[in-house]
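Here is what each chain is made of, one letter per residue.
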Amino acid sequence: MAAALLAFVDVMKELPMTLLLRPFNYETLATLVYQYAKDELLEQAALPALIIVAVGVLPVVLMNRMIRQASEPVG
């Protein structure tokens, strides 16, 4: 489960691979943020960038809670 979580978070943020392998006229959040930042439209880049961060942090927080609950003594 930890390996799948790490792979998900890493792949989600992998911009160079996304830029090279994406189909034409298809934008992901990472490419959208990159395009806005490149064009210096930082206000438009902020929300998609925060979504990327939230989607990356949320599974880590949930897994951390699961590990803590599993390691607590029963009783």
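Residues numbered from 1 in each chain as written. Predicted model: local features only at pLDDT ≥ 70, side-chain atom pairs only at ≥ 80, totals over all residues. Heavy atoms only, no water.

A. Local environment of the environment of Met-17. Within the secondary structure, Met-17 is located in helix H2 (residues 15–21). For Met-17, a relative accessible area of 39% puts it in the partly exposed group. Linking Met-17 and Gly-56, residues 39 residues apart in sequence, is a C-alpha distance of 17 Å. (Helix = DSSP H or I, 4+ residues; strand = E, 2+ residues; numbered from the N terminus. Buried < 20%, exposed > 50% of the residue type's maximum accessible area, 1.4 Å probe, protein only.)

B. Structural context of a nonpolar patch on the surface. Together, Phe-8, Leu-29, Leu-47, Ile-51 and Val-55 give the surface a local cluster of nonpolar side chains, amounting to about 420 Å² of exposed area. Per-element tally for the nonpolar patch: the top contributor is helix H4 (residues 42–71), with three residues. Within the element layout of this structure, Phe-8 appears in helix H1 (residues 2–12). Under the relative-accessibility criterion, Phe-8 is labelled partly exposed at 43%. (Patch = residues over 30% accessible without salt bridge, like charges linked within 9 Å, V, L, I, M, F, W, Y side chains within 5 Å. Areas by Shrake-Rupley, 256 points an atom, 1.4 Å probe, with all protein chains shown as cover. Salt bridge = Lys/Arg side-chain N within 4 Å of Asp/Glu carboxyl O.)

C. Region of the structure containing H4. Helix length check: H4, at 30 residues, gives a terminal C-alpha distance of 43 Å against a target of 44 Å (1.5 Å per residue), a fit within 8%. Taken together, the buried positions of H4 are Ala-45, Pro-48, Ile-52, Gly-56 and Met-63. Here the buried face of H4 lies against H1 and helix H3 (29–38). (Expected span 1.5 Å × (residues − 1). Contact = heavy atoms within 4.5 Å.)

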